[in-house]
Amino acid sequence: MAVEFEIVRGDITRFPAEAIVNAANKYLEHGGGVAYAIAKAAAGNAREYIRISKEAMREQLGKDHIDHGEVVVTPGMRLEKYGIRYVIHTVGPYCGGIWDDEKKGKLRKAIIGALRKAEELGVKTIASPAISAGIYGCPLEEVVKTFKEVVEEFKAETRGVEKVYLVLYSEDAYRTALKAVTS
Ligand code: ADP
């Protein structure tokens, strides 16, 4: 079955996909943005979630940071009530308003790493926020286009994942994202 890609408006912390992606920083500190929102929603408090994430990182990667393309998985915890079984933490590039091939390459790695992990976990549905389009300052249009391209490529290798959602938080971001893939 071919994997479908859909852009939706919503809150990733309560989006009913089996796995959600966290736009994390490399130390899984979850200090702000979507990472903080996921941390609070999943564990009740961010500090506890940071502890759990760092422990998972040690176990899964054997080190204390994530490189682009690597991911760490934590259980859904309180998010399980929405059907979210896993959180896949991935790290996108820092852009600070600058977009070039290097940033794009790092973003591609961050996205494909999360999608491959979803495949490995055996989930059918995965939802991601617009990685790097917030605090990390990458242009939303480029992030959305890159997302679409990577999912397109992923179609050739996936057997189990059926649906990939790109979840935009604000109405504005949602409209911009839709425009970016239709223009
Ligand atoms: P980064 O540091 O990778 O840029 P951010 O957390 O700052 O990560 O933002 C990534 C994107 O996630 C931004 O477009 C931001 O608006 C969006 N976002 C923030 N909170 C949520 C949420 N609850 N659900 C979905 N997207 C969110």
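These numbers were taken from a predicted model, which means no experiment stands behind them. (Residues numbered from 1 in each chain as written. Predicted model: local features only at pLDDT ≥ 70, side-chain atom pairs only at ≥ 80, totals over all residues. Heavy atoms only, no water.)

S.K.: How do you make sense of the state of the cysteines when you look at a structure like this?
M.R.: Throughout this description, disulfide means a covalent bond between two cysteine sulfur atoms. Counting across every chain of the model gives one disulfide. Put simply, Cys95 and Cys138 are joined by a disulfide, and their sulfur atoms are 2.0 Å apart. Torsion about the S-S bond of the Cys95 and Cys138 cystine: about 85 degrees, corresponding to right-handed handedness. A residue pair is termed long-range when its members are at least 10 positions apart, and Cys95 in the loop between β4 (86–90) and α3 (101–121) and Cys138 in the loop between β5 (125–128) and α4 (140–154) qualify at 43 residues. On the basis of relative accessibility, which here comes to 4%, the residue Cys138 falls in the buried class. (Disulfide = S-S within 2.5 Å. Helix = DSSP H or I, 4+ residues; strand = E, 2+ residues; numbered from the N terminus. Buried < 20%, exposed > 50% of the residue type's maximum accessible area, 1.4 Å probe, protein only.)

S.K.: Help me understand the site of the ligand in this model?
M.R.: Surrounding the ligand, one finds 14 residues, the nearest of these being Asp11, Val34, Ser132, Gly134 and Ile135. The contact in question runs from a nitrogen atom of the ligand to an N or O atom on the backbone of Ile12, over 2.9 Å. The separation between an oxygen atom of the ligand and a polar main-chain atom of Val34 is 2.7 Å. Notes on the ligand: free accessible area 570 Å², of which the protein chains cover 87%. (Near = heavy atom within 4 Å. Polar contact = N/O pair within 3.5 Å; in protein donor to acceptor, adjacent residues only side chain to side chain. Areas by Shrake-Rupley, 256 points an atom, 1.4 Å probe, with all protein chains shown as cover.)

S.K.: Explain the pairing of strand β2 (residues 19–23) to me, please; I cannot follow it from the model alone.
M.R.: Of all five residues in β2, four are buried; the element is thus mostly enclosed. Here β2 runs beside β4; their pairing, made up of five bridges, is parallel. The residue bridging Ala19 from the neighbouring strand is Tyr86, located in β4. Where β2 lies against β5, two bridges are found, and the strand directions are parallel. Across the sheet, residue Ala19 finds its bridge partner in β5, namely Ile126. (Pairing = 2+ DSSP bridges.)

S.K.: Quick question: what am I supposed to make of the pattern of salt bridges here?
M.R.: The full count for this structure, using the stated rule, is 17 salt bridges. Glu4 is paired through a salt bridge with Lys163; the nearest N and O atoms lie 3.2 Å apart. You can see Glu4 sitting in strand β1 (residues 4–9) and its partner Lys163 sitting in strand β6 (residues 163–168), a full 159 residues away along the chain. According to the relative accessible area criterion, Glu4 is partly exposed, its value standing at 42%. Across the pair Lys163 and Glu6 runs a salt bridge whose closest N-O atoms are separated by 2.7 Å. Of this pair, Lys163 sits in strand β6 while Glu6 sits in strand β1, and the two are 157 residues apart along the sequence. One continuous salt-bridge network, built from bridges that share partners, spans Lys104, Arg108, Glu149 and Glu153. (Salt bridge = Lys/Arg side-chain N within 4 Å of Asp/Glu carboxyl O.)

S.K.: Even after reading the chapter, I still don't get the sheet that holds β6, so can you show me in this structure?
M.R.: As a general point, the strands of a sheet are linked pairwise by backbone hydrogen bonds and lie either parallel or antiparallel. Taken in spatial order, the six strands of this open sheet run β1-β6-β5-β2-β4-β3, and their pairing is mixed. Each of the sheet's edge strands pairs with one partner strand only, and the pair in question is β1 and β3 (71–75). Geometrically, the sheet is characterised by an average inter-axis angle of 25 degrees between neighbouring strands, direction not taken into account. As defined by bridge partners, β3 adjoins β4 across five bridges and the pair is classed as antiparallel. In the strand pairing of β4, Thr74 is matched with Val87. Contacts between helix α2 (residues 46–61) and the sheet are confined to β3 and β4, with β3 contributing the most and set at about 125 degrees to the helix. Packing of helix α5 (residues 171–182) onto the sheet brings it into contact with β1 and β6, and relative to β1 it is tilted by some 150 degrees. (Axes fitted to C-alpha atoms, helices over the stretch in contact; angles between N-to-C directions. Contact = heavy atoms within 4.5 Å.)

Limitation: the analysis is restricted to geometry and does not speak to function.
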